[in-house]
Amino acid sequence: MDIVRELLGVGDDVTFAILAERFDVSERTIRNDIASINSFLEGSGLGLINYGPGGSIVLPDDFVELRDRLPEGGLSAYRLSRDERRLLASVLVANATSYITLSEVASRLGTSRVTIIHDLDAIRDLLSAGYLELVSRSGRGLIVNGEEAERRAYLLLASVSAERLPESLDVTIFGELSADDTVAIRKILNERCQAHQLRMTDDEFRRIRNYLCIMVHRVRVRCRLEEDSPRPESLADSFATDVLALVAQYCRIEVNDAERNYLQGLLASANLLGHEVFQTVDVQTQVVCRQFIDRVSKGIGVKLSSDYDLFEFLSRHMGSLFSERPPQPPATTEVSAVVGRHPELATAVRQNRGPARGLRLSLSQRGRVGLHLPSPVRGPGATSQRGGADQGHRRL
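These numbers were taken from a predicted model, which means no experiment stands behind them.

**Notes on the confidence of the model for the chain**
Move 1: Counting all residues, the mean pLDDT for the chain is 75, and 65% of those residues have values of 70 or more.
Move 2: Per-element mean pLDDT across the chain ranges from 36 in helix H19 (residues 386–395) up to 96 in strand S4 (residues 141–145).
Move 3: In the predicted structure, residues 275–281 sits below a pLDDT of 50 and forms eleven contacts with residues beyond four places in sequence or in another chain.
Move 4: In this model, residues 353–359 is a region of pLDDT below 50 whose contacts with residues beyond four sequence positions or in other chains number 13 contacts.

Here is the structure:
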């Protein structure tokens, strides 16, 4: 609540370091708190806080509306039941990569150290049921022993049990995953279901999405799966490979065969079904769009392939160009001005259409495709401008 008030007061003129100094905590704690705030913002239909260069914090345009939407008592108003507290405490120690103290667990859950001590036997029983061992060392704290596969299975099961809890508590399960990561994972999973003509129930979709969030966090903290034997061939094989490739690309992680085998095992139990109706043009657009982005990246010497927002906006736009009657937008001074400041973009769009070379684009259409590119092309320092450029395009 104090961080929200601070951000409402100072706007974008603040960094992680400033907030950490202001509240006498670590920058990691500030990142966790902002992840919780973003979960509340997303649930409230508001824009999300982003990170800019130099550890700067970039607020969405509608952030001021949060002032009137906070629940009484702020983001920490939710009181955990005894069972919920024990479940989340077990998750915290299972997710830890080294010893975690009783005081740390208590602080994260808003309770006392004495309460956590009284809960230890119950926490140990929960973990034991998941084939994990809770170890307590005097002067060091708690640590969990067990295989990485069993640890992830436990975290996944806990994520299902914790679905009724406020989204601000997701950080205990998914670690320091940014809002951009979770949104990208959800969109990739949905997109690939369409591309592979597959469908799954809402519950199964959330389960696989949760696992991918857990996987990204665990890989980032260097917790790798043990080598696993290949699974029997199934409908999920190419789907799992495709999903992992895109998650690795946009979340900037490296995955191996063990990761693919584990995901295939989860998908094999998800009762995947084929779509009865499917638009092939959707896949064609996605393929063309990704190839176009790769070609432009090489042409201008800037890597754009890890920007999922760019891919999403551009594929949505290009999808309309592949329709039977593509729109013919009028030329506007705003589009001309943006492209005029970056003539290399117009050249890149004209020369790098790849499989879409047969598609004839008017000067105005090329300008509007190029309009998606200036922000990422300008480099890391343009992060805070991205929303404005895309919003400007939608207005046009």
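Alright, that's what it looks like, and here's the rest.
**Quick look at the packing of aromatic side chains**
Move 1: The final tally for this structure, using the stated rule, is two aromatic pairs.
Move 2: Considering the side-chain rings of Phe-16 and Tyr-51, the 5.0 Å spacing of their centres and the 70° angle between planes classify their relative orientation as edge-to-face. Placement of the pair is Phe-16 in helix H2 (residues 16–23) and Tyr-51 in strand S1 (residues 50–51), with a sequence separation of 35 residues.
Move 3: When the ring centre of Phe-16 is taken as origin, the NZ or CZ atom of Arg-31, which lies over that ring, is 4.2 Å away.
Move 4: It is Arg-31 that lies over the ring of Tyr-51; its NZ or CZ is 5.2 Å from the centre.

**Looking at the pattern of salt bridges**
Move 1: Counted according to the given criterion, the structure contains 15 salt bridges.
Move 2: Between Arg-82 and Asp-83 there is a salt bridge whose closest N-O contact spans 3.8 Å.
Move 3: Two residues, Arg-192 and Glu-191, come together in a salt bridge whose shortest N-O distance is 2.7 Å. Just as Arg-192 is buried, Glu-191 falls in that class too.
Move 4: Here the salt bridges share partners, and the residues they tie into one network are Glu-148, Arg-151, Arg-152, Arg-218 and Glu-259.

**Structural notes on the nonpolar core**
Move 1: Ranked by internal contacts, the top residues of the largest apolar core, which has 71 residues, are Leu-127, Tyr-211, Leu-212 and Met-215.
Move 2: Those residues within four positions of Tyr-211 in sequence are excluded, and the remaining contacts are Arg-152, Leu-156, Leu-225, Glu-259, Tyr-262, Leu-263 and Leu-266.
Move 3: Judged by nonpolar contacts, the second largest core, of 22 residues, contains Phe-16, Ile-34, Ile-49 and Val-183.

**With respect to the state of the cysteines**
Put plainly, a disulfide is one covalent bond tying together the sulfur atoms of two cysteines.
Move 1: Considering all chains together, one arrives at zero disulfides under this definition.
Move 2: Cysteine Cys-213 is unpaired, with the sulfur of Cys-251 as its nearest cysteine sulfur at 7.9 Å.
Move 3: Judged by relative accessible area, Cys-213 falls into the buried class, the value being 2%.

**Observations concerning the packing of helix H9 (residues 179–195) against helix H10 (residues 202–220)**
Move 1: At their nearest, the axes of H9 and H10 sit 10 Å apart, and the two run at 130° to each other. Compared by their axis directions, H9 and H10 come out oblique. Between H9 and H10 lies a crossing of right-handed hand. Every residue of H10 that contacts H9 at Asp-181, Thr-182, Ile-185, Arg-186, Leu-189 and Asn-190 is listed here: Phe-205, Ile-208, Arg-209, Leu-212, Cys-213, Val-216 and Arg-220.
Move 2: The class makeup of the residues in the contact of H9 with H10 is seven nonpolar, two polar and four charged.

**Some words on the side chain of Asp-119**
Move 1: Tracing the backbone shows Asp-119 in helix H6 (residues 113–129).
Move 2: Setting aside residues up to four positions removed in sequence, Asp-119 forms contacts with Arg-85 and Arg-86.

**Concerning the packing of H2 against helix H3 (residues 27–43)**
Two packed helices can be described by the angle between their axes and the distance between those axes.
Move 1: Across the interface, H2 lies against H3 with an axial gap of 8 Å and an inter-helix angle of 105°. As far as their axial angle goes, H3 and H2 are roughly perpendicular. On H3, the residues touching Phe-16, Ala-17, Leu-19, Ala-20 and Phe-23 of H2 are Glu-27, Ile-30, Arg-31 and Ile-34.

Quick notes on the rules
Residues numbered from 1 in each chain as written. Predicted model: local features only at pLDDT ≥ 70, side-chain atom pairs only at ≥ 80, totals over all residues. Heavy atoms only, no water. pLDDT = per-residue confidence, 0-100. Helix = DSSP H or I, 4+ residues; strand = E, 2+ residues; numbered from the N terminus. Contact = heavy atoms within 4.5 Å. Phe/Tyr/Trp six-rings, centres within 6.5 Å; stacked < 30°, edge-to-face > 60°. Lys NZ or Arg CZ within 6 Å of the ring centre and 35° of its normal. Salt bridge = Lys/Arg side-chain N within 4 Å of Asp/Glu carboxyl O. Buried < 20%, exposed > 50% of the residue type's maximum accessible area, 1.4 Å probe, protein only. Core = buried A, V, L, I, M, F, W, Y, C linked by side-chain atoms within 4.5 Å. Disulfide = S-S within 2.5 Å. Axes fitted to C-alpha atoms, helices over the stretch in contact; angles between N-to-C directions. Parallel < 35°, antiparallel > 145°, perpendicular 65-115°, else oblique. Left-handed = near helix turned anticlockwise from the far one by under 90°. Nonpolar A, V, L, I, M, F, W, Y, C, P; charged D, E, K, R; others polar.

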